Amino acid sequence: MFHIESTDKRLAQALQRKIDQKTKPPGALGSLEQVALKLGLIQQSLIPVLNAPCMLVFAGDHGIAAEGVSPYPQEVTQQMVMNFLNGGAAINVFCRQNGMDLRVINAGVAEPLPDHPLLADQSMGRGTCNFLNTPAMTAEQAREAIQRGADQVEQLAQQGCNVIGFGEMGIGNTSSAAMLMHHMTGIALAECVGRGTGLDEKGILKKLAVLQQAANHHNTGHNPMAILATFGGFEIAMICGAMLKAAELRMLVLVDGFIASSALLIAHGLYPEILDYCIACHQSDEQGHRKLLDYLGLEPLLRLNMRLGEGSGAAVAYPLICSSLAFLNEMSSFEEAAVSQRKNEADQA
Ligand SMILES: O=C(O)c1ccc[n+]([C@@H]2O[C@H](COP(=O)([O-])O)[C@@H](O)[C@H]2O)c1
Ligand SMILES: Cc1cc2nc[nH]c2cc1C
């Protein structure tokens, strides 16, 4: 369905040389150097550029929410989408602050939403089925949601965008994400389940019991599409498709928290090369996230103890991506600045 190639690493040496010739000790810009290298490889350029940065926030409801796995009622999904449209949520604030465009996609919210210039209506239905009894969606719906997510990114690419953050909103979606993580990685369910929007210990145990019962009920094997259809959400499936299209189009993918990362797990299961295009922006406080990122071999740029979702971790990390680009493109080399290079060990003796 997608055509994703690993980035061509032949440019890595020239990029690393350019980075090492900047007026700093080798490696002294730490993670910013790795981001610069990745961006240069994605764009196959020693002078990469970031154009029309955008945050796509996908919203959807979850049948599993009926089992009391979240401390918040389902209607909060629709209410928070209205908050996004009115410009008052955290993601609005951070996108405005950092010069990112923001679009919201109705992937399948249970309550009705109005027509609005910031909102794309791609609803797959009024929430998924409760996966305690029935697969969350059909295989056909999972494929369709992936396609709709991909289409959103294709539109943005046509408008010149080459860097995208992916956020989500959906009461109950940490349950979906935990199930995707457990089935994709084989990590014990208890290590994938966390407090979500703020469950206490008792609440977490109940969530774990519900999810264990659901895991026992279905047999998906290791098939990423079957896992996505059985336990996913419409917003998660659309993010998966959107990330895959972004990688296909050689855009930089800004990965947010636990739920967005669970979408990446599915995308990675389908097309492992996608990781060449991804930056893990922030390690969420949701307990499974660190192990999920470890499984993918991704080192997060930030750890701020946030556990909000919406794309907030990606939006706050975006200025750091800009800093990476700025040092690569604007900083003087030792030669340009007439700064002496490191002495070799023999001279120091
Ligand atoms: O992205 C994260 O790491 C994250 C961690 C905890 C909660 N959330 C957000 O909280 C909602 C899901 O939490 P819950 O408890 O309803 O499953 C959903 O709207 C997510 O955006 C997000
Ligand atoms: C208020 C609120 C805001 C959110 N943003 C993302 N998930 C959320 C969940 C809740 C409950």
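Residues numbered from 1 in each chain as written. Chains lettered and ligands numbered in written order. Predicted model: local features only at pLDDT ≥ 70, side-chain atom pairs only at ≥ 80, totals over all residues.

## Points about the overall build of the protein chain
- Scanning the protein chain from terminus to terminus reveals 15 helices and six strands.
- What you see for the protein chain is a C-alpha radius of gyration of 21 Å, in line with the 20 Å of a compact globule of 349 residues.
- With respect to the three principal axes, the spread of C-alpha positions in the protein chain is 70 × 45 × 35 Å.
- Counting across all 349 residues of the protein chain, residues that qualify as buried make up 49%.
- Within the protein chain, contacts between residues at least 6 apart in sequence are counted, and of these 76% link residues at least 24 apart. (Helix = DSSP H or I, 4+ residues; strand = E, 2+ residues; numbered from the N terminus. Rg over C-alpha atoms; globule rule 2.2 N^0.38 Å. Buried ≥ 20, exposed ≤ 12 C-beta atoms within 10 Å, placed from the backbone. Contact = placed C-beta atoms within 7 Å.)

## What about the nonpolar core?
- Within the largest apolar cluster, 104 residues are counted, with the highest numbers of intra-cluster contacts made by I164, C240, M243, V253 and L254.
- Looking at which domains feed residues into this core, each of domain 1 (9–49 + 327–348) and domain 2 (54–319) supplies at least three.
- Setting aside residues up to four positions removed in sequence, M243 forms contacts with F166, V253, A263, L264, A267 and I274. (Core = buried A, V, L, I, M, F, W, Y, C linked by C-beta atoms within 7 Å. Domains from an automatic or database assignment.)

## What to know about the sheet that holds strand β3 (residues 119–121)
- What the six strands build is an open sheet, ordered β3-β2-β1-β4-β5-β6; its pairing is parallel. Strands with a single pairing partner mark the edges of an open sheet, and in this sheet they are β3 and β6 (278–280). The sheet shows a mean angle of 25 degrees between the axes of neighbouring strands, direction not considered. (Pairing = 2+ DSSP bridges. Axes fitted to C-alpha atoms, helices over the stretch in contact; angles between N-to-C directions.)

## Quick notes on the site of ligand 2
- In the region of ligand 2, the neighbouring residues are Y72, V76, M80, M169, T197, L308, G309 and E310.
- Looking at the shell around ligand 2 residue by residue, the classes come out as five nonpolar, two polar and one charged. (Near = placed C-beta within 6 Å. Nonpolar A, V, L, I, M, F, W, Y, C, P; charged D, E, K, R; others polar.)

## Some thoughts on the pairing of strand β5 (residues 252–255)
- Of the two faces of β5, the one lined by L252 and L254 and the one lined by V253 and V255 are each fully buried.
- Relative to β5, strand β4 (residues 163–169) is paired through four bridges, and the arrangement is parallel. Of the residues in β5, the one forming a bridge with F166 is V255.
- Taken together, the three bridges between β5 and β6 define a ladder with parallel strand orientation. Across the sheet, the residue bridging to V255 is A280, located in β6.
- Of the crossover connections in this fold, the one passing from β5 over helix α11 (residues 258–270) to the parallel β6 is right-handed. (Right-handed = clockwise from strand over helix to strand, strands pointing away.)

## Observations concerning the packing of helix α6 (residues 173–185) against α11
- At a minimum axis separation of 9 Å, α6 and α11 run at an interaxial angle of 35 degrees. Both α6 and α11 take part in a crossing whose hand is left-handed. Contacts from N173, T174, A177, L180, M181 and M184 in α6 reach F258, I259, S262, L265, I266 and G269 in α11. (Left-handed = near helix turned anticlockwise from the far one by under 90°.)

## Overview of the confidence of the model for the protein chain
- Across the protein chain, pLDDT averages 98, with 99% of residues at or above 70.
- Reported for the predicted complex are a pTM of 0.98 and an ipTM of 0.99. (pLDDT = per-residue confidence, 0-100.)

## Structural notes on the environment of I239
- You can see I239 is positioned in helix α10 (residues 234–248).
- Residue I239 is classed as buried on the basis of its 36 C-beta neighbours within 10 Å.
- For the pair I239 and A260, spaced 21 residues apart in sequence, the C-alpha separation works out to 7.1 Å.

## Some points on unusual backbone geometry
- Of note in the backbone geometry, R250 takes a positive phi value of approximately 60 degrees without being a glycine.
- Within the secondary structure layout, R250 lies in the loop between α10 and β5.
- The phi torsion at N305 lies on the positive side, around 60 degrees, for a residue other than glycine.
- Within the element layout of this structure, N305 appears in the loop between α12 (289–296) and α13 (312–330).

## Some words on the pairing of strand β2 (residues 101–108)
- In terms of burial, β2 is largely enclosed, as six of its eight residues are buried.
- Across seven bridges, strand β1 (residues 54–60) lies against β2 in parallel orientation. Of the residues in β2, the one forming a bridge with V57 is V104.
- Of the strand pairs in this sheet, β2 and β3 are connected by three bridges, and their pairing is parallel. When the bridges of β3 are listed, V104 appears paired with L119.

## So, the site of ligand 1
- S70, G196, G257, S284 and G309 are the nearest of the 23 residues found near ligand 1.
- Every element with two or more residues in the shell around ligand 1 is listed here: β4, α6 and α11.
- Broken down by element, the residue count for the shell around ligand 1 peaks at three residues, all from α6.
- For the shell around ligand 1, a count of residues per class yields six nonpolar, twelve polar and five charged.

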